[in-house]
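Here is how the chains run, residue by residue.
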Amino acid sequence: MKVISGATICDGSGGPLRQGDVVIDGEKIAAIATPGQCVTADAEVINGAGLMLAPGFIDAHAHSEARMLQHPANRTKLLQGVTTEVNGNCGSSPSCVPHASGTYCWQSLADYAALLNSLQPGVNSVVLCGHNSVREAVMGNDQRTPTAAEMASMKALLAAALADGAAGFSTGLTYFPGKFSSLAELIELTSLLKGTGKVYATHMRSEGDEIEAALAEALAIASAASCRLQVSHFKTISERNWHKLPALLARIEAARASGLEVFADRYPYVYSCTDLRQALPPPYDRIPGIQQFLRESAEHQSEVVAALSRSARDVAGTILMEAALRGRTIGAVAAERGQSAEQLCMELIMAVPGQRAAFLGMSEANMREILRQPWVCAGSDNVSLHLDDPNDFGHPRAAGTFPVFFHMVAEALGPAEAVRKMTSLPASVFNIPRRGLIKPGFYADLVLFSPERYASHADYAGNNQAPEGVQMVMVAGKMAWDARQPAEVGRHGRFIPIPAQ
Ligand SMILES: [Zn+2]
């Protein structure tokens, strides 16, 4: 028996904070008692005085499926107090399709789950089945409607993943090959969720110029499938679209009032982070082999340079995240080289496939307004990074989302509401059983931290440092991380299969 004694308990429900002792028996919380009442001679006592005890945080939006096989400890998330990640977002879920190359192979999500469990991950993993992975497995990057046989194959893959415990279906409709899919295709696939209680999570077809149509499409899909909708990393990209937020919020509130369950996740930063090629406007955004296209002729290159000046992205203000230019804007590097930002951007897209960049284009005021909505939970939209490897860098949201989110929401709505959005809210959106609350019978996934000292030290220049202020993280009743022995990590996470309801 373990007792975490004397902490301020923030139980994840959004209810008032209270003083108390949390008693843990094995993997679960056994009781919440008056301070001192349950401290017996044989109990292992963890002193929580002066600290806040919350349910382990749940990252509603992660992309760590493949990374967890390389770095199972997942310290990037664990050291923020995250004990569960929801992976397979934005249509990308390698775990849900057969994988036959590299160190590890699997045939199904059940296979992947067994593999992950055998590697003893540091945090729990929930997986969504991703449309891009399924479509690519069946029909490559083809820009066309699936045949009846291909549709049947995609449905079989999705049905198998759902049967193996996938929490729902995700799409990434600005990426290949999802961007080639029609509304009819998406409705047909999402309809497999009908009656399961599972969620449709979408990186919408547009988060900028066409966002109204994209939201209408997401609502139409969820309503046709009678399922819950999760809008991924909800935002309004590009200053010319910032004014659209009130109408979008009203549209979502109207859908909620009509009985549709609509939720969203959001990271607390105004820079996004994705492939640099996402700067390309139509029609160049639809060319899968863009490097090849650019290398073909100087005309192609100048066409793309001209097109980039129409991009919804702020090309010059974009921060580069790869190797030598890390942390610098395209505008600054271009000025130094005596070329235009668009020219440099085109050259970088041509030279380095898949390079990531941080795009400015979101409004701070809109972000705070989105975070205030009671149906918006925390999601980092990032992979687990290898904290000790300076070459494994990324957007600061990877190592900083949770402290930054906590303070931004706590400032507006108080710490109990901030913690609810990081725990029980995502647990209910994804139907994660017995997690997200400090409650008898729930898993003892817990974080003991100092709200005052909880702060991120990650930045755009590639510092992935862990935040400060976390004292202890527990997963299923076992010590996962203790600030007194910071180099040690206990790996007690597991794959969490989500049953149909
Ligand atoms: Zn996304």
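Residues numbered from 1 in each chain as written. Predicted model: local features only at pLDDT ≥ 70, side-chain atom pairs only at ≥ 80, totals over all residues. Heavy atoms only, no water.

1. A look at the sheet that holds strand S16 (residues 356-360)
Argument step 1. Ordered by their spatial adjacency, 3 strands build an open sheet running S14-S16-S15, and the pairing between neighbours is antiparallel. Of all strands in the sheet, those bounded by a partner on one side alone are strand S14 (271-275) and strand S15 (319-320).
Argument step 2. Both S14 and S16 contribute to a ladder of 5 bridges, which runs antiparallel. Among the inter-strand pairings, Thr-274 is bridged to a residue of S16, identified as Ala-357. (Pairing = 2+ DSSP bridges. Helix = DSSP H or I, 4+ residues; strand = E, 2+ residues; numbered from the N terminus.)

2. Considering the packing of helix H14 (residues 397-413) against helix H15 (residues 415-422)
Argument step 1. It is at 7 Å that the axes of H14 and H15 come closest, and there the two elements cross at 135°. As judged from the angle between their axes, H14 and H15 are oblique. The hand of the H14/H15 crossing is right-handed. Residues Phe-402, Phe-405, Phe-406, Val-409, Ala-410 and Leu-413 of H14 touch H15, and the partners they reach there are Pro-415, Glu-417, Ala-418, Val-419, Lys-421 and Met-422. (Axes fitted to C-alpha atoms, helices over the stretch in contact; angles between N-to-C directions. Parallel < 35°, antiparallel > 145°, perpendicular 65-115°, else oblique. Left-handed = near helix turned anticlockwise from the far one by under 90°. Contact = heavy atoms within 4.5 Å.)

3. Re the pattern of salt bridges
Argument step 1. In total, this model carries 23 salt bridges according to the counting rule given.
Argument step 2. Here Lys-155 makes a salt bridge to Glu-188, at a shortest N to O gap of 3.0 Å. Linking Lys-155 in helix H5 (residues 148-163) with Glu-188 in helix H6 (residues 183-190), this pair joins segments that are 33 residues apart in sequence.
Argument step 3. A relative accessible area of 35% means that Glu-188 is categorised as partly exposed.
Argument step 4. Two residues, Lys-235 and Glu-207, come together in a salt bridge whose shortest N-O distance is 2.9 Å. With Lys-235 in the loop between strand S12 (228-231) and helix H8 (245-257) and Glu-207 in the loop between strand S11 (199-203) and helix H7 (211-224), the pair connects residues that are 28 residues apart, well separated along the chain.
Argument step 5. On the basis of relative accessible area, Glu-207 is assigned to the buried category, the value being 9%.
Argument step 6. Residues participating in the shared-partner salt-bridge network are Asp-59, Lys-77 and Glu-85. (Salt bridge = Lys/Arg side-chain N within 4 Å of Asp/Glu carboxyl O. Buried < 20%, exposed > 50% of the residue type's maximum accessible area, 1.4 Å probe, protein only.)

4. Quick look at the coordination of the zinc ion
Argument step 1. The protein atoms that coordinate the zinc ion are Cys-90 (SG), His-203 (ND1) and His-233 (NE2), at distances spanning 2.1 to 2.3 Å.
Argument step 2. Ordering the donors of the zinc ion by residue number gives the pattern C-x112-H-x29-H. On the criterion of sequence distance, the pair formed by His-203 in strand S11 and His-233 in the loop between S12 and H8 is long-range, its members being 30 residues apart. (Donors = N, O, S within 2.8 Å, 3.2 Å for Na, K, Ca; no water.)

5. Brief notes about the packing of helix H4 (residues 131-139) against H5
Argument step 1. Put simply, H4 and H5 touch, their axes get as near as 9 Å, and they point 135° apart. In terms of their interaxial angle, H4 and H5 are classed as oblique. Handedness of the H4/H5 crossing: right-handed. Only Glu-150, Ser-153, Met-154 and Leu-157 of H5 make contact with H4, whose side of the interface consists of Val-134, Arg-135, Ala-137, Val-138 and Met-139.

6. Details of the packing of aromatic side chains
Argument step 1. What the rule picks out here adds up to 12 aromatic pairs.
Argument step 2. With a centroid separation of 6.1 Å and 50° between ring planes, the pair formed by Tyr-284 and Phe-293 is classed as tilted.
Argument step 3. For Phe-293, a relative accessible area of 15% translates into the label buried.
Argument step 4. In textbook terms, an aromatic cluster arises when at least three aromatic residues are bridged by ring pairs, as seen for Phe-57, Phe-402, Phe-406, Phe-449 and Tyr-454.
Argument step 5. In this structure, Lys-179 packs its charged tip against the face of Phe-176, placed 5.1 Å from the ring centre.
Argument step 6. Across from the ring centre of Tyr-267, 5.5 Å away, lies the NZ or CZ of Arg-266, which sits over that ring. (Phe/Tyr/Trp six-rings, centres within 6.5 Å; stacked < 30°, edge-to-face > 60°. Lys NZ or Arg CZ within 6 Å of the ring centre and 35° of its normal.)

7. Some words on the domain arrangement of the protein chain
Argument step 1. Here the domain parsing of the protein chain yields domain 1 (56-273 + 360-430) and domain 2 (274-359).
Argument step 2. Facing 22 residues of domain 1, the contacting portion of domain 2 comprises 22 residues.
Argument step 3. Of the roughly 1,800 Å² buried between domain 1 and domain 2 on both sides combined, carbon and sulfur atoms contribute 50%.
Argument step 4. When the buried surface of domain 1 facing domain 2 is broken down by residue, Cys-273, Leu-360 and Phe-393 rank first, second and third, together holding 34% of it.
Argument step 5. At the junction of domain 1 with domain 2, the criterion picks out 1 salt bridge.
Argument step 6. Residue Asp-285 pairs with Lys-179 through a salt bridge whose shortest N-O separation is 3.7 Å.
Argument step 7. Counting across the domain 1 and domain 2 interface gives 4 residue pairs in polar contact (both at pLDDT 80 or more). (Domains from an automatic or database assignment. Buried area = accessible area lost by both parts, 1.4 Å probe. Polar contact = N/O pair within 3.5 Å; in protein donor to acceptor, adjacent residues only side chain to side chain.)

8. So, the nonpolar core
Argument step 1. Counting 111 residues, the largest nonpolar core has Phe-57, Phe-234, Ile-432 and Phe-449 as the members making the most contacts within it.
Argument step 2. Structurally, this core is a two-domain feature, drawing no fewer than three residues from each of domain 1 (56-273 + 360-430) and domain 2 (274-359).
Argument step 3. Apart from residues lying up to four places away in sequence, Phe-449 is in contact with Leu-51, Met-52, Ala-54, Phe-57, Phe-406, Tyr-454, Gly-469, Val-470 and Gln-471.
Argument step 4. Counting 26 residues, the second-largest nonpolar core is a separate cluster that includes Ala-279, Tyr-284, Ile-349 and Met-350. (Core = buried A, V, L, I, M, F, W, Y, C linked by side-chain atoms within 4.5 Å.)

9. Quick look at the environment of Gly-14
Argument step 1. By secondary structure assignment, the location of Gly-14 is in the loop between strand S1 (2-9) and strand S2 (18-25).
Argument step 2. Accessibility expressed as a relative area gives 33% for Gly-14, which makes it partly exposed.
Argument step 3. Along the sequence, Gly-14 and Pro-415 sit 401 residues apart, while their C-alpha atoms lie 8.4 Å from each other.
Argument step 4. In this structure, Gly-14 is in contact with Ala-416 and Arg-420, ignoring residues within four places of it in sequence.

10. What to know about the environment of Cys-96
Argument step 1. In this fold, Cys-96 is placed in the loop between strand S7 (82-87) and helix H3 (109-118).
Argument step 2. Judged by relative accessible area, Cys-96 falls into the buried class, the value being 4%.
Argument step 3. The spacing of Cys-96 and Ala-114 is 18 residues in sequence and 13 Å in space, taken between C-alpha atoms.
Argument step 4. Beyond its immediate sequence surroundings of up to four residues, Cys-96 is in contact with Glu-65, Leu-109, Val-127, Leu-128, Cys-129, Leu-157 and Ala-161.

11. Structural notes on H6
Argument step 1. Every buried residue of H6 is listed here: Glu-185, Leu-186, Leu-189 and Thr-190. For H6, the angular spread of the buried residues around the axis is 120°, confining them to a single face.
Argument step 2. Looking at the buried positions of H6, the neighbouring elements they touch are H4, H5, strand S10 (168-172), S11 and H7. (Arc of directions from axis to C-beta.)

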